[in-house]
Amino acid sequence: MQITDVRIRKIAKEGKLKAVASITIENEFVVHDIKVIEGEKGLFIAMPSKKTADGEYRDVAHPINSKTREQMQEMILTKYEEEGVSEEAQAEASLDS
């Protein structure tokens, strides 16, 4: 499986939810609403889910094995951090003007 695109939409509000990501797999399949969450041990991803009739949340889509989950998480968090760095650079550039 090849992840061919990662898109990040940062969340401006306070709280644990930091961003929502979408990934494209092999330029053919997209998964939206992957959450980037700040936990006690750092950032992690949570797959798209829906609330069941009994009040629990179940993943709508998810990786089958831990290797794939780790690959997805690494790519998403790298993109999240890259975009944070570019936003900081833009803010600094606007202050210098």
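Counting from 1, residues in each chain are numbered in the order their sequence is written. Given that this is a predicted model, residues contribute local features only at a pLDDT of at least 70 and side-chain atom pairs are listed and counted only at 80 or more, while totals for whole chains, interfaces and linings are drawn from all residues. Side-chain numbers come from the whole structure's heavy atoms, not from hydrogens or water.

A. Molecular detail of the pattern of salt bridges. The working definition used for a salt bridge is a side-chain nitrogen of Lys or Arg within 4 Å of a carboxyl oxygen of Asp or Glu. In the structure shown here, the tally under the stated rule is one salt bridge. Two residues, R7 and D5, come together in a salt bridge whose shortest N-O distance is 2.6 Å. Remark: exposure states derive from per-residue accessible area (1.4 Å probe, protein chains only) relative to the maximum for the residue type, with buried under 20%, exposed over 50%, and partly exposed in between. By relative accessible area, R7 is classed as exposed at 58%. What makes D5 partly exposed here is its relative accessible area of 26%.

B. Highlighting the packing of aromatic side chains. Only centres within 6.5 Å qualify two rings of Phe, Tyr or Trp (six-membered ring in Trp) as a pair; their planes then separate them into stacked at under 30 degrees, edge-to-face at over 60, and tilted for everything else. A full pass over the atoms with the stated rule returns zero aromatic pairs. Placement of a positive charge over a ring is assigned whenever Lys NZ or Arg CZ falls within 6 Å of the ring centre and within 35 degrees of the normal to the ring plane. The ring of Y80 is capped by K10, whose NZ or CZ atom sits 4.4 Å from the centre of that ring.

C. How the structure looks around the nonpolar core. Among the buried residues, those of types Ala, Val, Leu, Ile, Met, Phe, Trp, Tyr and Cys that are joined through side-chain atoms within 4.5 Å form a nonpolar core. In this structure, I8, I23, I34, I45, M72 and I76 are the most contacted members of the largest nonpolar core, which totals 16 residues. Helix numbering and strand numbering both begin at the N terminus, where a helix is a DSSP run of H or I of at least 4 residues and a strand a DSSP run of E of at least 2. Those elements that provide at least two residues to this core are β1 (3–10), β2 (17–25), β3 (29–39) and α1 (66–96). Contacts are assigned to residue pairs with any non-hydrogen atoms lying within 4.5 Å of each other. The residues touching I34, leaving out its near neighbours within four places in the chain, are A19, V20, A21, I23, I45, A46, M47, P48, M72 and I76.

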